[in-house]
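Residues per chain, in single letters:
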Amino acid sequence: MTGAGGQTVRQHNLALLMRLICDFAPATRVELAERAGLTKVTVTNLVAELVDAGLVHDLGVTQRGGPGRPASRVAPDPLGPVGIGLQVEVDHVAGCVVDLSGRVRRRELRRADIRRLSPAEGVRAARPVLRRLFDHATTAGQLVAGIGVSVPALFTRDRDGQPLVRAVPALGWGDVDVRGLVAAELDAIGALGVGVRVGGSVRFAAQAECGGDGAVLYVGGEAEVGAVLAGGGAGHRGEPGSLGHVPVRPGGRGCPCGRTGCLDRYAGRAAMAEAARLPETALPRLLSGTEPFAERVFEGDAAAGRAAAEAARTLADALAAPLAVLDPAAIVLGGRLAALGEVVLEPLGDRLAEQHTCPPLHAGRLGPDAALRGAAWSVLADVVADPLGWFEKP
Ligand SMILES: [Zn+2]
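Values in this document were obtained by computation on a predicted structure and should not be read as measured data. (Residues numbered from 1 in each chain as written. Predicted model: local features only at pLDDT ≥ 70, side-chain atom pairs only at ≥ 80, totals over all residues. Heavy atoms only, no water.)

**Q** What exactly am I supposed to notice about the domain arrangement of the protein here?
**A** How large an interface is tends to be reported as the accessible area lost when its parts come together. Under the domain assignment used here, the protein contains domain 1 (3–76), domain 2 (82–203 + 371–391) and domain 3 (209–366). Taken together, the 13 residues of domain 1 in the interface contact 10 residues of domain 2. Across the interface of domain 1 and domain 2, roughly 1000 Å² is buried in total on both sides, 77% from carbon and sulfur atoms. For the pair domain 1 and domain 2, the number of links is zero salt bridges. There are one residue pair in polar contact (both at pLDDT 80 or more) connecting domain 1 and domain 2. Among the elements that take part in the side of domain 1 that touches domain 2, helix 1 (residues 3–24) stands out by supplying eight residues, more than any other. (Domains from an automatic or database assignment. Contact = heavy atoms within 4.5 Å. Buried area = accessible area lost by both parts, 1.4 Å probe. Salt bridge = Lys/Arg side-chain N within 4 Å of Asp/Glu carboxyl O. Polar contact = N/O pair within 3.5 Å; in protein donor to acceptor, adjacent residues only side chain to side chain. Helix = DSSP H or I, 4+ residues; strand = E, 2+ residues; numbered from the N terminus.)

**Q** Explanation requested: the pattern of salt bridges in the structure shown.
**A** Any two side chains of opposite charge can pair, given that their charged atoms come close. In the structure shown here, the tally under the stated rule is 23 salt bridges. Here Arg29 and Asp58 are joined by a salt bridge, their closest N and O atoms 2.8 Å apart. Taken together, the positions of Arg29 in helix 2 (residues 29–36) and Asp58 in strand 2 (residues 56–60) put the pair 29 residues apart, joining distant regions of the chain. Accessibility expressed as a relative area gives 15% for Arg29, which makes it buried. (Buried < 20%, exposed > 50% of the residue type's maximum accessible area, 1.4 Å probe, protein only.)

**Q** Looking at this structure, how should I read the coordination of the zinc ion?
**A** Reference geometry at the metal: tetrahedral coordination by four donors gives ideal angles of 109.5 degrees; octahedral coordination by six donors gives 90 or 180 degrees. Donor atoms from the polypeptide that coordinate the zinc ion comprise His245 (ND1), Cys255 (SG), Cys257 (SG) and Cys262 (SG), at 2.0 to 2.3 Å from the metal. Geometry at the zinc ion is tetrahedral, judged from its four donor atoms and the angles of 101 to 121° they form at the metal. One chain supplies every donor for the zinc ion, spaced along it as H-x9-C-x1-C-x4-C. Note that His245 is positioned in the loop between strand 12 (226–230) and helix 8 (264–267) and Cys255 in the loop between strand 12 and helix 8, a separation of 10 residues in sequence. For the pair His245 and Cys255, a shared accessibility class is recorded, and that class is buried. (Donors = N, O, S within 2.8 Å, 3.2 Å for Na, K, Ca; no water. Tetrahedral: all angles 85-135°; square planar, octahedral: opposite > 155°, others 65-115°.)

**Q** I keep staring at the nonpolar core and nothing clicks. Help me out?
**A** In this structure, Phe134, Ile147, Val165 and Leu186 are the most contacted members of the largest nonpolar core, which totals 37 residues. Elements supplying a minimum of two residues to this core: strand 4 (82–88), strand 5 (92–98), helix 5 (127–139), strand 7 (144–151), helix 6 (178–188) and strand 10 (196–200). By size, the runner-up hydrophobic cluster in this structure holds 36 residues, among which are Ala227, Ala294, Ala311 and Ala338. (Core = buried A, V, L, I, M, F, W, Y, C linked by side-chain atoms within 4.5 Å.)

What follows is the structure in C-alpha cells.
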C-alpha cells in the first residue's frame, strides 16, 4: 500500500501486532492473525518487519499439539532495545535496565544522603549508576530507548501540557528541572541523544502493577502516598496531583509543602517513622522488601501500630471524594502501605466500607522496585506503541 493512508494503516497494524506479541507471547502467526483480525499473510509480512527491526524474536517451533504442521512462535526480542529506570530517593539512587519482555536485566544502587544535597548534586549522585547501566546495555549490544526517572514529586504542566516538577517535598527540593539535570548527566557520560522522561513514582508503580487490567484506582507510594487511575488505557493521562498533599486534618500537622493536615503527614513514610521514633529510610525496603517501621509494627509496638491505624483512617478519608467521582472497578493498594499488610488493609477496608462507593480492595503484587520498573518500561511502551517510529528513527 502506498500514500499517507497506507502508511498509517501499516503503522497502526505494526503497533497492534507489537502490543499483542507483548501481551500474549509466545504466539503463533495464526493466533496473532485471529486476535488482530488480519490475514495470515499480512501478519507474516508485518512480523518479518518487526523481526528485522530487532523488536521481535522468532522462537521456532516450541511445542507440538493439535492437527496440521507445527507452527513457530514469536516473542518480544530480549536482545532488542532496553529501557532504563532511575529513582532518586532520600537515602539512595537506584536504577535498572528492563528489556522488551519486561525482565529486569540489571539493577544498580548507590547510597547517598540525597536530602543533604542540592538538586544538581543529588542528580549528580546518579552519574555512576547511569554509567554502569549504560555500560551493561552497550556491552550486551543493546540500544537504550530512553530513561524514565521516577521522583516522588508534585507536578504542574508547562504550556505544551507536559508535566513539570513543581516540588519534591520528600527531598526538600522546590521547583527543579529534573529532566534537564538528568540530561546533563547523560551528556557527561557520553550517552548522547537519549530521551529522558520524568514521572511521579506512584504513576510509574501503578503502570507496572496495573498495566493490563480494567480501570482501577491505584493507591501507593514509597516516600509519600499517591493515587492514580491505572489500567484500561488510563495510563497516558499525565501526572496527577499528589493525594499525599490533600488536607485530611485541616489545621493539623505542618507539612514540608507549606500547608497543614496533609495526608502525607499521617500516612507518609517520614511521618510514620517519626511516630515510631525511627529515622526515615528507603533503602532497607528496596534491599529486603521490609523496613524498620514495618518490623516495629509486626513486633507489636504500640506507637507504630497506632501510626499504621491512623494512616489507614486518614487514607480512607482522603479517598472518599475520588471514589465517589471516579467509581473505579477496584482499588489496588501498592507501595509501602501494602507491605504493612493487614495492619493497614483491615482498618482501611473497614473505613472504606462506610463510604457510599466502595469497590473491592486488593493488595498489589510487586515489591518496592515497582516504580523503578514502571519508569524503565515507560520508554519501552513508546516503542511498543509505535514500532515504525522506532525503526525509522534516524
Ligand atoms: Zn503537604
